[in-house]
Each structure stands twice: as C-alpha cells, then as structure tokens.
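Commentary on secondary and tertiary structure
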Amino acid sequence: MNTHDPLAQLLADRAFAREAKDPCANLCVIATVDADGQPQARTMVLRELGPRLAIFCNETSPKWREMSNSSRIAITVFLPSANLQYRMMCTTEPVPATTVHESWQLRPEPPKRMDWFYTLNRPQSAPIESRDALLAQCAALDLPDPMIAPETALGLYVNPEIIERLDLNQPEGIHDRRRYQRCDDSWVQTVLVP
Ligand SMILES: Cc1cc2nc3c(=O)[nH]c(=O)nc-3n(C[C@H](O)[C@H](O)[C@H](O)COP(=O)(O)O)c2cc1C
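A short tour of the structure in this document, coming up.

The rules behind each value
Residues numbered from 1 in each chain as written. Predicted model: local features only at pLDDT ≥ 70, side-chain atom pairs only at ≥ 80, totals over all residues. Heavy atoms only, no water. Near = heavy atom within 4 Å. Polar contact = N/O pair within 3.5 Å; in protein donor to acceptor, adjacent residues only side chain to side chain. Areas by Shrake-Rupley, 256 points an atom, 1.4 Å probe, with all protein chains shown as cover. Helix = DSSP H or I, 4+ residues; strand = E, 2+ residues; numbered from the N terminus. Nonpolar A, V, L, I, M, F, W, Y, C, P; charged D, E, K, R; others polar. 1 Å grid on protein atoms, 1.4 Å probe; cavity = no way out; pocket = protein on both sides within 12 Å on 5 of 7 lines; lining within 4 Å. Points joined across faces, edges and corners; volume = space filled by probe spheres on them. Contact = heavy atoms within 4.5 Å. Salt bridge = Lys/Arg side-chain N within 4 Å of Asp/Glu carboxyl O. Buried < 20%, exposed > 50% of the residue type's maximum accessible area, 1.4 Å probe, protein only. Core = buried A, V, L, I, M, F, W, Y, C linked by side-chain atoms within 4.5 Å.

**Details of the site of the ligand**
Taken together, Leu 27, Arg 42, Thr 43, Met 44, Val 45, Phe 56, Cys 57, Ser 61, Lys 63, Gln 124 and Ser 125 form the complete shell of residues around the ligand. Within the side chain of Arg 42, one N or O atom sits 2.9 Å away from an oxygen atom of the ligand. The contact in question runs from an oxygen atom of the ligand to an N or O atom on the side chain of Lys 63, over 2.7 Å. Within the complex, 60% of the 620 Å² of free accessible area of the ligand lies under protein. The set of elements that each furnish at least two residues to the shell around the ligand consists of strand 2 (39-45) and strand 4 (52-58). When grouped by side-chain class, the residues that make up the shell around the ligand number 5 nonpolar, 4 polar and 2 charged.

**Quick word on the layout of surface pockets**
By volume, the largest pocket amounts to about 350 Å³. As for the largest pocket, its lining consists of 18 residues, and the residues nearest its centre are Phe 56, Cys 57, Asn 58, Arg 107 and Gln 124. Listing elements by their share of the lining of the largest pocket, those giving two or more residues are strand 2, strand 4, helix 3 (97-104), helix 4 (109-120) and strand 7 (153-167). Within the lining of the largest pocket, the residues separate by chemical class into 11 nonpolar, 3 polar and 4 charged.

**Considering the environment of Pro 160**
Along the chain, the position of Pro 160 falls in strand 7. When the C-alpha atoms of Pro 160 and Glu 48 are compared, they prove to be 13 Å apart, with 112 residues separating the residues in sequence. Among all residues touching Pro 160, those that are not within four sequence positions of it are Leu 7, Leu 53, Met 88, Met 89, Cys 90, Arg 182 and Trp 187.

**A few points about the pattern of salt bridges**
Summed over the entire model, instances satisfying the criterion amount to 12 salt bridges. In this structure, the salt-bridge partner of Arg 52 is Glu 93, at a minimum N-O distance of 2.9 Å. Separated by 41 residues along the polypeptide, Arg 52 in strand 4 and Glu 93 in strand 6 (residues 84-94) bring together distant segments of the chain. For Glu 93, a relative accessible area of 33% puts it in the partly exposed group. Within the structure, one salt-bridge network assembled from shared partners comprises Asp 13, Arg 165 and Asp 167.

**Observations concerning the nonpolar core**
In terms of nonpolar packing, the biggest core is built from 29 residues, with Ile 75, Val 77 and Met 88 touching the most fellow members. Going through the elements one at a time, helix 1 (6-19), strand 1 (27-33), strand 4, helix 2 (62-69), strand 5 (73-79), strand 6 and strand 7 are the ones with two or more residues in this core. Filtering out sequence-adjacent residues up to four positions away, Ile 75 remains in contact with Cys 28, Val 29, Ile 30, Tyr 86, Arg 87, Met 88, Cys 90 and Val 158. Phe 117, Tyr 118, Met 147 and Ala 153 belong to the second largest nonpolar core, which has 11 residues in total.

Encoded structure:
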C-alpha cells in the first residue's frame, strides 16, 4: 500500500500538458465492446468536473449504451508533451442533468445543433443519404428559443479503478511503468515490466 494518488498525478500531468499547449491535453480514447461483441474505440474530450473525470455524449449514440451498461470501460490518455501514457479501467455513473445542461450552454452552435439533430432527425452514427442532405436538414431544424439542451445530451462520470502510468522520461531509457489498483480509499501500487 502507498499513499501516492495516481488520479491526482493524472490531473497534474494534464495541467502541465495544457500549459505546454498539448493538443491532446484534454482528450482520451475510450474503448468499449459493441452489441456484436466487437471492440470499438474513439477519441473523446475527457472533462474535469471538479476533481472528477467525465465524458459527455448523446444518448442516441450506440456508445452511450456500451459505456453506461457495461461494468467497465477502458480509457487511454496519451500526453505527447509530457511523454506519458495512462491506461485506465473505469466504472461509470451518470452526471446530474443540471450539470450537463449548464456545461452544454458553453458549447459552440454547431455541436448544439447536432445534439438537436440526433434528437429530432437521426441518431448519431446512423447512415444518411449524403453530406448535402445532412447540412440541409441541420439548417432546417426547428430549434428551441431560448436554446436549451435536449434530454439526450448526457454525461458520465468515469471512476478509475485501475490506473496504469507509463513514463517515457527515464535517463537510462528504460520506461517507468506502474499499475495502481484502487483499494477502498487508497491505491495499491505494482511496478510492471515496461
Ligand atoms: C478531438 C476529438 C474530440 C471528440 N470528442 C467527443 C466527445 O467529447 N463526445 C463525443 O460524443 N464524440 C467526440 N468525438 C467524436 C468521436 O470520436 C466519434 O467520432 C463520435 O462520437 C461517434 O462515435 P460512435 O460511433 O462510437 O458513437 C471527438 C472526436 C475528436 C477527433
């Protein structure tokens, strides 16, 4: 057992990456298993809501079910500016709608419009005849005034249960790889062969 908190370390490393203008500072890759048992991975914004990590997505996307129904999802963060990789196994838990909707108001107009498109026209990831049809249908949407978030705009807290940190910044060139497993309020650390 040790007192090192890898989640606090991740937040500090992301803060460093943001300072360094790292384009990956706020991103992650999330892997799920789809309804056919196939692996799926996609880039998403990994948000910080206070000290907690969260992702926002639309309920119409198949990934919403994949993320909210499975017991765990896998998340990878790579911070090129810091030469660090994090791999995490996480449980998920809904973010309160009021928190999602407040944050949704800060989004630019096009993603807001897309959230309404998923709700009123077609689910995210559904096929559509053409890009021209997409743009025309988006432009023709009857949006609420004042603009509010649709019920389908949702968020999930991601709670890391296992965090693996790979630090490439080693003077002898042998990477430093450590796995941290949550155990009640602390973390059990294991050094792994990199
Ligand atoms: C830099 C970047 C950030 C992204 N952030 C999000 C996000 O926060 N939420 C989201 O639903 N999709 C995000 N996407 C789009 C997803 O990668 C993906 O294309 C989309 O959600 C459809 O994925 P699905 O078919 O697995 O539902 C992002 C893509 C990129 C390139």
